[in-house]
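Secondary and tertiary structure notes
For reference, the chains in residue letters:
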Amino acid sequence: MSGAMVEALGVRKSFGSTEILKGIDLTVERGSVTSLIGPSGSGKTTFLRCINHLEKVDAGRLSVDGQTVGYEERGGRLHEMKERQTARQRLNAGMVFQRFNLFPHMTVLENIVEAPTRVLRRPRDEVSAEAQVLLDRVGLGNRGHSYPQELSGGQQQRIAIARALAMKPKLMLFDEPTSALDPELVGEVLDVMKSLAEAGMTMVVVTHELGFARQVCDQVVFMDGGVVVESGAPADVLDAPKEERTQAFLSKVL
Amino acid sequence: MQKQPVPDTGQIPSTVPGDSIEVVPLRHPVRLALAVVLVLVAASALWDVAVNQRYHWDVVVSYLFAPQILTGAGLTLVLTAVSMTVGVILGTVLAIMRLSANPIVSTISRGYIWFFRGTPLLVQLIFWYNIAALYPVLSLGLPFGGPSVAIGSANVLITPLTAALLGLSLNEAAYMAEIIRGGIGSVDRGQHDAARALGMNGTTLMLRVILPQAMRVVLPPTGNQVISMLKGTSLVSVLAISDLLYSAQIIYATNYQTIPLLIVASLWYLLMTTVLTFFQNKLERRYGRGFDAAPRRVRRPRTGAAR
Ligand SMILES: Nc1ncnc2c1ncn2[C@@H]1O[C@H](COP(=O)(O)OP(=O)(O)O)[C@@H](O)[C@H]1O
Ligand SMILES: [Mg+2]
């Protein structure tokens, strides 16, 4: 299928009476890596959750892989999808959370195998073999039988990435994947993400790691107050920002 | 530094070679003296009970395995097992309903819990027992007096045993619903997000991710519920069901050995409680996996202190 992986046009979202997203326009090309930066509370997490339909969009158009998220077009109208359909659609994207959110009652291997076997109903041995490959890939091949609690934050986050990859998503969403980590553990997670980007995965990353944005990303998007203030190549946005708000934010972060 | 297993003597092992400073463990002479006194008091009390002729231990022994008592104990177990099982399943459904975003569904659950917790169990039991007086014929059909199919006479269908099971189960469900709701609420929101992001929804999410984690919080109060239920089943004697306690009462009504027979019943209750507690501990360990900081499969060395 042609076209961009993610297309957002005037995406709006309110919680109660406060509007959090006030018309987001954004395009994420296939195989590209986009980083979302911006001050806390600017709506980055909310937008990422909208892409995965963990939050419902109130207005505007949001499509992933050419399909409108959460709605079905029939007879020139958008019909809201059933929960079962949205669950299917969510499989397009894998998501990695700030707090890892591994299932604490399952071993590492069970964490990875759970969704492919229960949701996709794939055979367990086949999935287990793939899970082992994924574990090797994130450098934790020998920790399959540990419980998440027994691992460091960096290891847990790498497991969370492997768990999302096991569903073979077309797109990976990362919500500040390193901000809950001790500084010395940040590198190991970023390395895994880098190798994923090199392998051609489409990625949207909310991050404060501007080094990563500069080195790995094709596009940097600066959000503030629920809108996209500025976007473009990392060199343009990070090193020569045009907008005053971007300049102010970057001067605080750097 | 590696921790050495502490031997039963309660002493710290002699200093590791190379360590130059000797470690003197803190001693607790007052605590030790108190423990000795308590042990002596308890032992003497037990001795008094054992040698006191008026307890009629011979009668206790002769009735301990009396067929009537054994049948009563069996019935108590069955009532507890069935009512608890139904209570837990219905309670889970009610808890999920209570947390539903649909206000009608959550209100129904709220109303159920309000009613069954708010009225005495004894009244509920007698109500079910006398349901035939209110609805002589039980039937399935359309509401508001529409056509219906009779399924039988209430007098025949509602035996004392079904009335007891209905009363106990429906009442238990209300309490279990609140316990399980608390457990579900204790699971981190991020767990819902992660599961949904992986494409799980509804039943899979609940059964595989949320409820197993809720178990940790749900199990201890559920253990209490099972034990209260075990003893609470004695209420069904008002329906002339010979559970354990009622069987003992029937016997002492004829031979006037009240205390010995109550001891017999209590010994059985104690035994059943002990067995149930054992299983509760096992389950708690099973569902605590992945949560405790202590590494798995490593048994805690048993220390001889404070027993
Ligand atoms: N479920 C929610 N209900 C109400 N307000 C929310 C909810 N989620 C986020 N918000 C609010 O939306 C705003 C933007 O949040 P978020 O998207 O997390 O920002 P960011 O990730 O950029 O820090 C915040 O002010 C937050 O309080
Ligand atoms: Mg955020």
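All values reported here derive from a predicted model rather than from experimental measurement. (Residues numbered from 1 in each chain as written. Chains lettered and ligands numbered in written order. Predicted model: local features only at pLDDT ≥ 70, side-chain atom pairs only at ≥ 80, totals over all residues. Heavy atoms only, no water.)

Comments concerning the environment of Ile69 of chain B
Residue and element names in this part refer to chain B.
- On the secondary structure map, Ile69 appears in helix 3 (residues 67-98).
- Sequence separation between Ile69 and Ile250 is 181 residues; the distance between their C-alpha atoms is 10.0 Å.
- Once residues lying within four places of it in the same chain are set aside, the contact partners of Ile69 are Tyr63, Leu64, Leu244, Ala248, Ile251, Leu261, Val264 and Trp268. (Helix = DSSP H or I, 4+ residues; strand = E, 2+ residues; numbered from the N terminus. Contact = heavy atoms within 4.5 Å.)

Things to note about the sheet that holds strand 9 (residues 171-175) of chain A
All names here are of chain A.
- Spatial ordering of the open sheet is given by 8-9-10-3-11-12, a layout of six strands whose pairing is mixed. The open sheet terminates on both sides in strands that have one partner only, identified here as strand 8 (93-96) and strand 12 (227-232). Between one strand and the next, the sheet's axes are offset by a mean angle of 20°, whatever the strand orientation.
- Taken together, the four bridges between strand 8 and strand 9 define a ladder with parallel strand orientation. Residue pairing across strands places Met95 opposite Leu173, the latter belonging to strand 9. (Pairing = 2+ DSSP bridges. Axes fitted to C-alpha atoms, helices over the stretch in contact; angles between N-to-C directions.)

What about the pattern of salt bridges?
All names here are of chain A.
- Tallying each qualifying case throughout the model produces 20 salt bridges over all chains.
- When the shortest N-O distance is used, the salt bridge between Glu83 and Arg90 registers 4.0 Å.
- Put simply, Asp224 and Arg245 hold a salt bridge, and the shortest N to O gap is 3.6 Å. Of this pair, Asp224 sits in strand 11 (residues 219-224) while Arg245 sits in helix 9 (residues 244-253); the two residues are 21 residues apart in sequence, bridging distant segments of the chain. (Salt bridge = Lys/Arg side-chain N within 4 Å of Asp/Glu carboxyl O.)

Here's the deal with the site of ligand 1
Residue and element names in this part refer to chain A.
- Taken together, Phe15, Ile20, Pro39, Ser40, Gly41, Ser42, Gly43, Lys44, Thr45 and Thr46 make up all the residues around ligand 1.
- For ligand 1, whose accessible area on its own is 560 Å², the fraction buried by protein is 57%.
- In terms of residues, the shell around ligand 1 owes the most to one element, helix 1 (residues 44-51), which gives three residues.
- Per-class residue counts for the shell around ligand 1 are three nonpolar, six polar and one charged. (Near = heavy atom within 4 Å. Areas by Shrake-Rupley, 256 points an atom, 1.4 Å probe, with all protein chains shown as cover. Nonpolar A, V, L, I, M, F, W, Y, C, P; charged D, E, K, R; others polar.)

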